[in-house]
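One-letter residues, chain by chain:
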Amino acid sequence: MKYRHLGKSGIQVSELSFGSWVTFHTQAGIDSTVGMMGAAYDAGINFFDNAESYAGGKSEEVMGAALKKLGWRRGSYLVSTKLYWGLHESPNEQNTLNRKYLLEAIDGSLRRLDLDYVDLLYCHRADPSTPIEETVWAMHDIIERGKALYWGTSEWEAADILSAIEVAERHHLHKPVVEQPVYNLFQRHRFAPEYERVYDDCGYGSTTWSPLASGLLTGKYNDGVPSDSRGALEGLEWLRKELTNTERLAKVASLKPVADQMGATLAQFSLAWCLQNPRVSTVITGASRVQQVHENMKALEFVDSFTPEVMREIDRVFGLV
Ligand SMILES: NC(=O)c1ccc[n+]([C@@H]2O[C@H](COP(=O)([O-])OP(=O)(O)OC[C@H]3O[C@@H](n4cnc5c(N)ncnc54)[C@H](OP(=O)(O)O)[C@@H]3O)[C@@H](O)[C@H]2O)c1
């Protein structure tokens, strides 16, 4: 495993990391989670991602219980959570980054994770209805109170990130240091030119999500939706539509020979592709079982195999040349 600095911050994250969305609680109980987190940690992963909203808070509980069983030294790993959607139906606790919500929600997350602090705390989405000053001050105060060490944004527009940094600098507050954007062969828009200032000038890091487009980029949906896959889960009909999109499936099929040529599985190929981007600090992987963790960790062997010829092949598949 190699480690990359989270942008210009002092903290280093493993090139591959591990997240809990959809899987923890819904597909994996505590024992299965212990197995997957253990396999990831043994492979050198030091960053585990979570969010208040995942499985309505249960994902944090499962991760907390798993960490207790695993008993790792706290200094050896990083945990994140994300706030925005909220767990309670009331005007001040949903779809918001207001001060009251943020200061109360972090306490709930820490209780469920059974941790004294999270290493990274994200604003899970931007909230145009709360003044940016209020959110930046609240995140600063959470850090000052020792409940988080660093803070960041997720799926924010570049202009909003720049504005948060500017507010923090003006008031000498803790600045956000990291964005958590979607990033995979199909979805690349969060590294569009307007983000150059964020990454290159401001030294933002990135912890990218859904590197396999929820499993589509493993090729497993090319023969229909497997009954034991994310695409078959109840309540994820919106995602099933994307996983069975014929145009996307055709592109996955065309990538297969390129991955074969490299000696990688499609999953390994797609994960390694994300790490080609030097603005990526870590690729957050997901898995529903230990075998997937083992397969995905081997992606690291292919990071240096993306020659200009391979990149041209990929561009051809996506109609970029
Ligand atoms: N900030 C945000 O808004 C946001 C949003 C989404 C996710 N995230 C973070 O990013 C993490 C990763 O996202 P993701 O789970 O969508 O990642 P992903 O890599 O796109 O999808 C992971 C899923 O693909 C399937 N899979 C993974 N490896 C496989 C393999 N080798 N062979 C076959 N199937 C495989 C598994 O699902 P099945 O086995 O069930 O099919 C697994 O749960 C999340 O856990 C979360 O921490 C953040």
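Right above here is the structure, for reference.
Here the residue numbers are simple positions, counted from 1 along each chain's written sequence. Totals for whole chains, interfaces and linings use all residues, but because this is a predicted model, local features are given only for residues with pLDDT of at least 70 and pairs of side-chain atoms are given and counted only at 80 or more. Side-chain measures were taken over the full set of non-hydrogen atoms in the model, leaving aside hydrogen atoms and water.

> Would you explain the overall build of the protein chain in this entry?
When you go through the protein chain residue by residue, the secondary structure sums to eleven helices and ten strands. It is over C-alpha atoms that the radius of gyration is taken, and the globule rule equals 2.2 Å times the number of residues to the power 0.38. Scaling as 2.2 N^0.38, a compact globule of 321 residues should have a C-alpha radius of gyration of about 20 Å, and the protein chain matches this with 19 Å. The C-alpha extent of the protein chain, read off along each of the three principal axes, is 50 × 45 × 35 Å. Relative accessible area decides the class of each residue, using a 1.4 Å probe on protein chains only: under 20% of the type maximum gives buried, over 50% gives exposed, and in between gives partly exposed. Buried residues in the protein chain amount to 54% of all 321 residues. All accessible areas in this document rest on Shrake-Rupley with a 1.4 Å probe, and a residue is counted as covered only by the protein chains that are shown. If you sum the accessible surface of the protein chain, you get close to 13,900 Å²; carbon and sulfur atoms cover 49% of it. One finds the centroid of the 33 positive side-chain charges in the protein chain at a distance of 2 Å from the centroid of its 42 negative side-chain charges. Each helix is a run of H or I in the DSSP string that is no shorter than four residues. Each strand is a run of E no shorter than two, and both are numbered from the N terminus. His is not counted, nor are the chain ends, whereas Lys and Arg count as positive and Asp and Glu as negative. Charged side chains are reduced to one point each, which is NZ for Lys, CZ for Arg, CG for Asp and CD for Glu.

> How should I be thinking about the pairing of strand E3 (residues 16-19) in this particular structure?
Remember that side chains alternate between the two faces of the sheet whenever the strand is regular. Here E3 shows no split at all, with Leu 16 and Phe 18 on one side and Ser 17 and Gly 19 on the other all buried. By the convention used here, strands pair only if DSSP detects at least 2 bridges between them. In terms of strand pairing, E3 meets strand E10 (residues 282-285) through three bridges, oriented parallel. In the strand pairing of E10, Ser 17 is matched with Ile 284. Strand direction decides the pairing type here: E3 and strand E4 (residues 47-49), joined by two bridges, are parallel. Each residue of the ladder has a partner; that of Phe 18, found in E4, is Phe 48.

> Would you mind going over the sheet that holds strand E9 (residues 205-208) with me for this structure?
One key point about sheets: their strands pair by backbone hydrogen bonds, in either a parallel or an antiparallel sense. Read once around its circumference, the closed barrel built from eight strands follows the order E3-E4-E5-E6-E7-E8-E9-E10, with strand pairing classed as parallel. Ignoring which end each strand starts from, the neighbouring axes of this sheet average 30° apart. Inspection of the sheet shows strand E6 (residues 118-123) paired to strand E7 (residues 148-153) by five bridges, in the parallel sense. Bridge pairing links Leu 121 to Trp 151 in E7. Angular values range over 0 to 180 degrees, each being the angle between N-to-C directions of two axes fitted as lines to C-alpha atoms, with helices fitted over their stretch in contact.

> How should the pairing of E6 be read in this particular structure?
For E6, a buried count of six out of six residues is recorded, marking the element as mostly surrounded by other parts of the structure. As judged from the four bridges shared by strand E5 (residues 78-83) and E6, these two strands associate in the parallel manner. In the sheet register, Lys 82 faces E6, and the bridge partner there is Tyr 122. You can see the chain leave E5, run along helix H3 (residues 99-113) and come back into E6, and the turn it takes is right-handed. We call a crossover right-handed when, viewed with both strands directed away from the observer, the connection leading from the first strand over the helix to the second proceeds clockwise. Handedness of the crossover joining E6 and E7 through helix H4 (residues 132-144) is recorded here as right-handed.

> Please explain the packing of aromatic side chains as it appears in this structure.
Where two aromatic rings form a pair, the distance of their centres and the angle of their planes describe that pair. Put simply, two rings from Phe, Tyr or Trp (the six-membered ring, in Trp's case) pair if the centres are within 6.5 Å, and we call them stacked under 30 degrees between planes, edge-to-face over 60, tilted for the rest. Scanning all chains against the criterion turns up eleven aromatic pairs. Think of it as a cone above the ring: NZ of Lys or CZ of Arg counts as a charge over the ring if it is within 6 Å of the ring centre and within 35 degrees of the ring normal. Positioned above the aromatic ring of Tyr 117, the side-chain terminus of Arg 74 is 4.2 Å from the ring centre. We note Arg 188 situated over the ring of Phe 318; from NZ or CZ to the ring centre the distance is 5.0 Å.

> How should I be thinking about the environment of Leu 120 in this particular structure?
With respect to the helices and strands, the residue Leu 120 is situated in strand E6. Judged by relative accessible area, Leu 120 falls into the buried class, the value being 2%.

> What's the story with helix H9 (residues 266-274) in this structure? I'm lost.
Given 3.6 residues to a turn, an α-helix orients residues that are three or four positions apart in the same direction. Of all nine residues making up H9, nine are buried, and the element is well covered by its neighbours. Looking at H9, one finds that the buried residues are Leu 266, Ala 267, Gln 268, Phe 269, Ser 270, Leu 271, Ala 272, Trp 273 and Cys 274. For H9, the elements touching its buried residues are helix H8 (246-262), E10, helix H10 (290-297) and helix H11 (308-317). Any pair of residues with heavy atoms lying within 4.5 Å of one another is described as a contacting pair.

> For this particular structure, what's the right way to read the site of the ligand?
Taken together, 34 residues lie around the ligand, and Asp 49, Ser 210, Ser 214, Lys 220 and Ser 288 are the ones closest in. Distance and chemistry together define a polar contact, namely a pair of N or O atoms within 3.5 Å, with one atom able to donate a hydrogen and the other to accept it when in protein, and with adjacent residues in sequence counting only for side-chain atoms on both sides. Ser 20 places a polar main-chain atom, nitrogen or oxygen, 3.0 Å from an oxygen atom of the ligand. Within the side chain of Asp 49, an N or O atom sits 2.6 Å from an oxygen atom of the ligand. Those elements giving two or more residues to the shell around the ligand turn out to be E10 and H10. The element that contributes the greatest number of residues to the shell around the ligand is H10, accounting for three residues. Tallied by class, residues from the shell around the ligand come to ten nonpolar, 17 polar and seven charged. When at least one non-hydrogen atom of a residue lies within 4 Å of a molecule or strand, that residue is treated as near it. For this classification, the nonpolar set comprises Ala, Val, Leu, Ile, Met, Phe, Trp, Tyr, Cys and Pro, the charged set comprises Asp, Glu, Lys and Arg, and every other residue, Gly included, is treated as polar.

> Would you mind going over the state of the cysteines with me for this structure?
Among covalent bonds in proteins, the disulfide is the one between the sulfur atoms of two cysteines. Count a disulfide wherever a pair of cysteine sulfur atoms falls within 2.5 Å. Taken as a whole and assessed by the stated rule, the structure comprises zero disulfides. The closest cysteine sulfur to the non-disulfide-bonded Cys 202 is located on Cys 123, 16 Å from its own sulfur. Looking at Cys 202, the relative accessible area reads 30%, which means it is partly exposed.

> Would you mind going over unusual backbone geometry with me for this structure?
Comment: phi is negative for the bulk of residues other than glycine, and the bulk of peptide bonds are trans. Positive phi, close to 55°, is recorded for Asp 114, a residue that is not glycine. Tracing the backbone through its elements, the reader meets Asp 114 in the loop between H3 and E6. Since its relative accessible area comes to 46%, Asp 114 is described here as partly exposed. Its identity as a non-glycine residue notwithstanding, Ser 210 has a phi of 50°, on the positive side. In this fold, Ser 210 is placed in the loop between E9 and helix H7 (237-243).

> Would you mind showing me how to read the packing of helix H1 (residues 30-42) against H10 here?
Relative placement of two packed helices is described by the angle separating their axes and the distance separating the axes. Viewed as axis vectors pointing N to C, H1 and H10 meet at an angle of 15°, and their least axial separation amounts to 9 Å. Between H1 and H10, the angle falls in the class roughly parallel. The chirality of how H1 crosses H10 is right-handed. Counted together, Gly 35, Met 36, Ala 39 and Ala 40 of H1 and Val 290, Val 293 and His 294 of H10 form the full contact between these two elements. Here the word oblique covers every angle except those under 35 degrees (roughly parallel), over 145 (roughly antiparallel) and from 65 to 115 (roughly perpendicular). Each crossing gets its hand from how the near helix is turned against the far one by less than a right angle, where anticlockwise is left-handed and clockwise is right-handed.

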